[in-house]
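Notes for the structure review
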Amino acid sequence: MLKKAFIGSLVERKSELVGSQVVVCGWVHRIRDLGKVKFLVLRDRTGFIQATLKAGVTPSEVLEEAERIKLESVVCVEGLLSEAPTREGVEVKVENLKVLSIPVEPLPLEPGESDKAALPVRLKYRWLDLRNPKVSSIFEFEAFVARVFREYYASQGFVEIFTPKIVAAGTESGAEVFPVLYFDKTVYLAQSPQFYKQFAVIAGLERVFEIGPVFRAEPHHTTRHLNEYHSLDIELGFIENYHDVMSYVEGFFRELAKRMEEDNTARKALEVHGAEPPRIPASGIPKVRIREAYEILRERYGKVIPEGEDLDSEAEKLMASYAREEYDSDFVFIIEYPWRVRPFYTMRIDFEPEWTYSFDLLFRGLEVVTGGQREHRYERLVENLESKGLKKDDFQFYLDFFKHGAPPHGGAGMGLERIVMQSLKLQNVREARMLPRDTERVVP
RNA sequence: GCCGCGGUAGUAUAGCCUGGCCUAGUAUGCGGGCCUGUCAAGCCCGUGACCCGGGUUCAAAUCCCGGCCGCGGCGCCA
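A short tour of the structure in this document, coming up.

Each value, and the rule that gives it
- Residues numbered from 1 in each chain as written.
- Chains lettered and ligands numbered in written order.
- Predicted model: local features only at pLDDT ≥ 70, side-chain atom pairs only at ≥ 80, totals over all residues.
- Heavy atoms only, no water.
- Salt bridge = Lys/Arg side-chain N within 4 Å of Asp/Glu carboxyl O.
- Helix = DSSP H or I, 4+ residues; strand = E, 2+ residues; numbered from the N terminus.
- Buried < 20%, exposed > 50% of the residue type's maximum accessible area, 1.4 Å probe, protein only.
- Near = heavy atom within 4 Å.
- Polar contact = N/O pair within 3.5 Å; in protein donor to acceptor, adjacent residues only side chain to side chain.
- Nonpolar A, V, L, I, M, F, W, Y, C, P; charged D, E, K, R; others polar.
- Phe/Tyr/Trp six-rings, centres within 6.5 Å; stacked < 30°, edge-to-face > 60°.
- Lys NZ or Arg CZ within 6 Å of the ring centre and 35° of its normal.
- Pairing = 2+ DSSP bridges.
- Axes fitted to C-alpha atoms, helices over the stretch in contact; angles between N-to-C directions.
- Patch = residues over 30% accessible without salt bridge, like charges linked within 9 Å, V, L, I, M, F, W, Y side chains within 5 Å.
- Areas by Shrake-Rupley, 256 points an atom, 1.4 Å probe, with all protein chains shown as cover.
- Expected span 1.5 Å × (residues − 1).
- Contact = heavy atoms within 4.5 Å.

What the rule picks out here adds up to 43 salt bridges. E314 is the partner of K303 in a salt bridge, and the nearest nitrogen-oxygen pair spans 2.6 Å. Residue K303 is found in the loop between α10 (290-301) and α11 (313-327), and its partner E314 is found in helix α11; the two are separated by 11 residues along the sequence. We classify E314 as partly exposed; its relative accessible area is 46%. Overlapping salt bridges bring together R122, R126, D129 and E431 as one network.

The next subject is the protein's contact with RNA strand B. Of all residues adjacent to RNA strand B, which total 50 residues, the nearest are R32, K54, R87, E110 and R441. Sugar plus phosphate: this is where 54% of the atoms of RNA strand B within 4 Å of the protein reside. Here P85 contributes a backbone N or O atom positioned 2.5 Å from a base nitrogen of RNA strand B. Residue E91 places a side-chain N or O atom 2.5 Å away from a base nitrogen belonging to RNA strand B. Elements supplying a minimum of two residues to the surface near RNA strand B: β1 (21-33), β2 (37-44), β3 (47-54), β5 (90-101), α4 (119-124), β17 (366-373) and β18 (409-415). By residue class, the composition of the surface near RNA strand B is 17 nonpolar, 13 polar and 20 charged.

Moving on to the environment of E316. Structurally, E316 can be placed in helix α11. Residue classification places E316 among the buried positions, given a relative accessible area of 7%.

This next bit is on the packing of aromatic side chains. Counted according to the given criterion, the structure contains 29 aromatic pairs. Relative to Y248, the ring of F158 lies with its centre 5.3 Å away and its plane at 70°, an arrangement referred to as edge-to-face. You can see F158 sitting in the loop between α6 (133-155) and β6 (159-160) and its partner Y248 sitting in helix α8 (residues 242-262), a full 90 residues away along the chain. The class of F158 is buried, set by a relative accessible area of 4%. The exposure class assigned to Y248 is buried, which follows from its relative accessible area of 17%. Between Y398 and F402, the aromatic rings sit 5.1 Å apart at their centres with planes inclined by 70°, giving edge-to-face as the arrangement. Just as Y398 is buried, F402 falls in that class too. Three or more aromatic residues joined by ring pairs form one cluster here, namely F149, Y152, Y153, F158, F209, Y248, F252, F253, F331 and F363. The ring of Y337 carries the charged tip of R342 above its face, separated from the ring centre by 4.1 Å. If you follow K388 out to its NZ or CZ, it ends over the ring of W339, 4.4 Å from the centre.

A separate point is the sheet that holds β5. Read around the closed barrel, the 5 strands follow the order β1-β2-β3-β5-β4; overall the barrel is mixed. Neighbouring strand axes in the sheet, compared pairwise and without regard to direction, differ in orientation by 55° on average. With 10 bridges joining them, strand β4 (residues 74-83) and β5 adopt antiparallel strand pairing. Note on β5: the bridge partner recorded for L81 is V92.

Next up on the list: the sheet that holds strand β8 (residues 179-182). An order of β7-β9-β8 is seen for the 3 strands of this open sheet, with the pairing classed as antiparallel. Strand pairing shows two members of the sheet lacking a second neighbour, β7 (166-167) and β8, which therefore form its edges.

Let us now look at a nonpolar patch on the surface. A cluster of nonpolar residues, I166, Y182 and F183, forms a patch on the protein surface that exposes about 350 Å² of accessible area. Within the element layout of this structure, I166 appears in strand β7. Since its relative accessible area comes to 44%, I166 is described here as partly exposed.

Turning our attention to α11. The end-to-end C-alpha separation of α11 is 21 Å, in line with the 21 Å expected for 15 residues at 1.5 Å each. Among the residues making up α11, those that are buried are A315, E316, L318, M319, A320, S321, Y322 and A323. Along its buried surface, α11 packs onto β12 (287-289), α10, β13 (331-335), β16 (358-363) and β17. Measuring from the side-chain oxygen of the N-cap residue of α11 to the backbone nitrogen of E314 gives 3.2 Å; that N-cap residue is D312. Looking one or two residues past α11, D328 carries a phi angle of roughly 50°, positive in sign.

This is the structure in structure tokens:
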């Protein structure tokens, strides 16, 4: 390895390393050339460090080589780590220098302040945008969320599964899937692992989770939709009711909030974005029946949502204010959604079939989780399908799973990028995706 | 899909409403020069832009129409 340590760790261990030889590799973030003294600020994802070259001290062939360096050149320097009046408190007195790469044309975007550029420009030159530590911290944070998700559910006895992304039919409707040419037939990109995570539960794995991409062919033009995003899915068998599912969802967010306080990477990301870990009341995330929500919205905010309709995004924001004011919570569960706005596999309430055992979780006013109890009784499932006007034949492969013993079960799907967006208070989900795919964008 | 807003150097912007004072200003980058302790280094010189097409007018970055591209709201959803 050319590089032995991240810059951040060298700086962290400065008290033991000062006075010793170090090798530092990174990108040239700044060049301050005073003629006979030259300062290079080197950067990697973990931090900055100054490298100093001085006429009469640094070997002349090294000084000469340093003349070639431009901003964002990739270099390794070797020298004595010394105390210095820099931000980091140290600098490297360069004795040897290797230029590994020099930009071949002027930079279209300056990494140091790329977050001030317009989003389309940043996305076009994302490899430069990501060099801005404020931007890379988003993806370190995303990895953190995924890691906590994986660790939390594994610790609760869930098995990680990997389901197909090439599927024969859409999950709920046919309209919002991307067709793909698969040998001599048309298949689709999965818009949810829904059927297959239920498959895994019924197949006896009982509790499963998956982190994977999903594809939505909707032509949205908003700050909260992507055509390709990552779904954090869970599904569990032998539940008593859908509150069991919500407990596991809440458990994850509680763990996530806790680890945001403890984890250095997460803390740093929150700090540079001016965000704080979410507030969850000790008494639990509040649960509001959607029928109550209609009333709250009407009486408290003068916002009318007709009975049996879904909440629109304004209503979701208002319910977030309600949760903050009444419960000091950044989260609120909206429960018992109307049957007409939920997919056919949702379990309906026995004595009120127009309503369902389902929920959404709003995080600071944005829907980040959807879940509920699934219908596991074969005949009921067929009825549900018919009630939605769907053809039984199109879903027979799925119905077959339920023919040979299916426990009561439920689950949820969470949008990874949305969780990152809301945690860090980003203005646009695209910022939470390294290379977002939207209606127009397929490169880079 | 429907609706709204926008497009000025590599980047970020001023100018547009109220046409002429625009030979299009500023910052940063880029090229060159000075400087032995800078830290968003500083100073000097230079470089570089009105999305495309049509129209109105003596005169268009500015007003009008069309196109292309971008952004956002709604719907739908994570």
